[in-house]
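So the chains spell out like this:
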Amino acid sequence: MSELDQVLQTIWAELCNGVRDRRHGFHLPVLSNCSRDGVPDSRVVVLRRVDAEQRAIHCHTDRRAPKVASLEVHPTVHWLFYDFERRTQLRIRAHAEVLTDGPLVEEAWLGSSVDSRRCYLAPSAPGAESAEPSANLPASHLTRNPSPEESEAGRAQFAIVRSWATRIDWLHLASGGHRRARFTFEESAGWSAGWIEP
Ligand SMILES: Cc1cc2nc3c(=O)[nH]c(=O)nc-3n(C[C@H](O)[C@H](O)[C@H](O)COP(=O)(O)O)c2cc1C
């Protein structure tokens with residue numbers, strides 16, 4: 001296996017670790033896209049699913065969130081990861097879609113904790129104006145998680161942002177010399193790789 005192949009394999013392995021391990025540097029990436037009016041927009045999300053074979057990177061969201069509407073217009077997204085411990089930055093270009101139904105959504109919803117589900121009970125859309133400071137939660141759940149039964153009301157708001165990576169820019173910092181590589185995916189050829197200057 002070439003050194004670049006090893007780097008790509010490690011990238012996907014560490015992304016998978018970032019899903020499982022809340023303390024991993026890749027657990028809270030920045031997801032950017034173009035807002036509906038064409039202006040760049042970024043937000044922190046939780047990394048929820050990674051599949052190297054499918055080049056898939058997922059997060060969960062409220063289907064009423066502004067990013068959902070903007071992804072329908074501008075489906076190209078950009079993921080930014082930095083793992084302080086491994087001194088590794090990933091900049092990943094991807095094509096995204098929003099899923100609100102189907103087996104993947106059911107599986108993700110079933111696998112989510114009541115703690116995570118609580119935010120989907122929000123009475124108003126994320127980003128909606130509020131006359132006063134607001135947690136956007138029903139009063140009954142301000143200080144406690146819903147029961148599994150109560151949490152089911154959040155299912156209607158739950159969505160997956162599913163994306164497929166098309167380009168990865170990998171930067172590894174080292175005192176002996178930084179390293180940088182770019183990986184590009186083409187349907188006809190799979191991943192191609194090359195070193196680039198840090
Ligand atoms: C640590 C952290 C984790 C977050 N995780 C998510 C997430 O997984 N999904 C999500 O939609 N928003 C998440 N948010 C909130 C987003 O950053 C953002 O404020 C919200 O999604 C609204 O974004 P939008 O207006 O671009 O749709 C998180 C914020 C923080 C600080």
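Just so you know, the residues in each chain are numbered from 1, in the order the chain's sequence is written. Reporting of local features is limited, given that this is a predicted model, to residues whose pLDDT is at least 70; pairs of side-chain atoms are given and counted only at 80 or more, and all residues count toward the totals for whole chains, interfaces and linings.

With that settled, the discussion passes to the overall build of the protein. When helices and strands are tallied, the protein shows five helices and nine strands. When the helices and strands of the protein are listed from N to C terminus, the series reads α-β-β-β-β-α-β-β-α-α-α-β-β-β. C-alpha extents for the protein along the principal axes are approximately 55 × 35 × 35 Å. Nonlocal contacts in the protein, meaning residues at least 24 apart in sequence, comprise 61% of its contacts between residues at least 6 apart. Runs of H or I in DSSP of at least four residues are treated as helices and runs of E of at least two as strands, each being numbered from the N terminus. Any residue pair is listed as a contact if its two C-beta atoms, each placed from the backbone, are within 7 Å.

The next thing to look at is the site of the ligand. Residue proximity rests on one test: whether the C-beta atom, placed from the backbone, lies within 6 Å of the molecule or strand. The local shell around the ligand holds 14 residues, among which R43, V45, T61, A65 and K67 are the closest. Put simply, the parts of the chain that give the shell around the ligand at least two residues each are β2 (40-44), β4 (56-62) and α2 (66-73).

Quick look at the pairing of strand β5 (residues 76-83) now. Regular strands place their side chains on alternate faces of the sheet. Here, a strand pair is defined by DSSP locating no fewer than two bridges between the strands. Relative to β5, strand β1 (residues 30-34) is paired through three bridges, and the arrangement is antiparallel. Bridging across to β5, S32 finds its partner in H78. The sheet contact formed by β5 and strand β6 (residues 88-99) spans eight bridges and is antiparallel. If you follow L80 over to β6, its bridge partner there is R91. In sequence, β5 turns back onto β6 through a hairpin of four residues, with R87 there showing a positive phi of about 50 degrees.

Bringing the environment of V46 into the picture now. Its place among the elements puts V46 in the loop between β2 and β3 (49-51). Taking the C-alpha atoms as reference, V46 lies 8.8 Å from H58; in sequence the two are 12 residues apart. Among residues more than four places away in sequence, those in contact with V46 are H27, L28 and C59.

Think of it as a crowd count around each C-beta: if 20 or more other C-beta atoms lie within 10 Å the residue is buried, if 12 or fewer it is exposed, and in between it is partly exposed, with C-beta placed from the backbone throughout. By the criterion of burial, β2 is predominantly exposed, with just zero of the five residues buried. In this structure, β1 lies alongside β2, joined through five bridges in antiparallel fashion. The residue bridging C34 from the neighbouring strand is P40, located in β2. What sits between β1 and β2 in their antiparallel hairpin is a turn of five residues, with G38 showing a positive phi close to 90 degrees.

This paragraph deals with the environment of V68. For V68, the location among the structural elements is in helix α2. Residue class for V68 comes out partly exposed when judged on the 17 C-beta atoms lying within 10 Å of it. Taking C-alpha positions, V68 is 8.7 Å from E97, a pair spaced 29 residues apart along the chain. Beyond its immediate stretch of four places on either side in the chain, V68 contacts T61, R63, V98 and A159.

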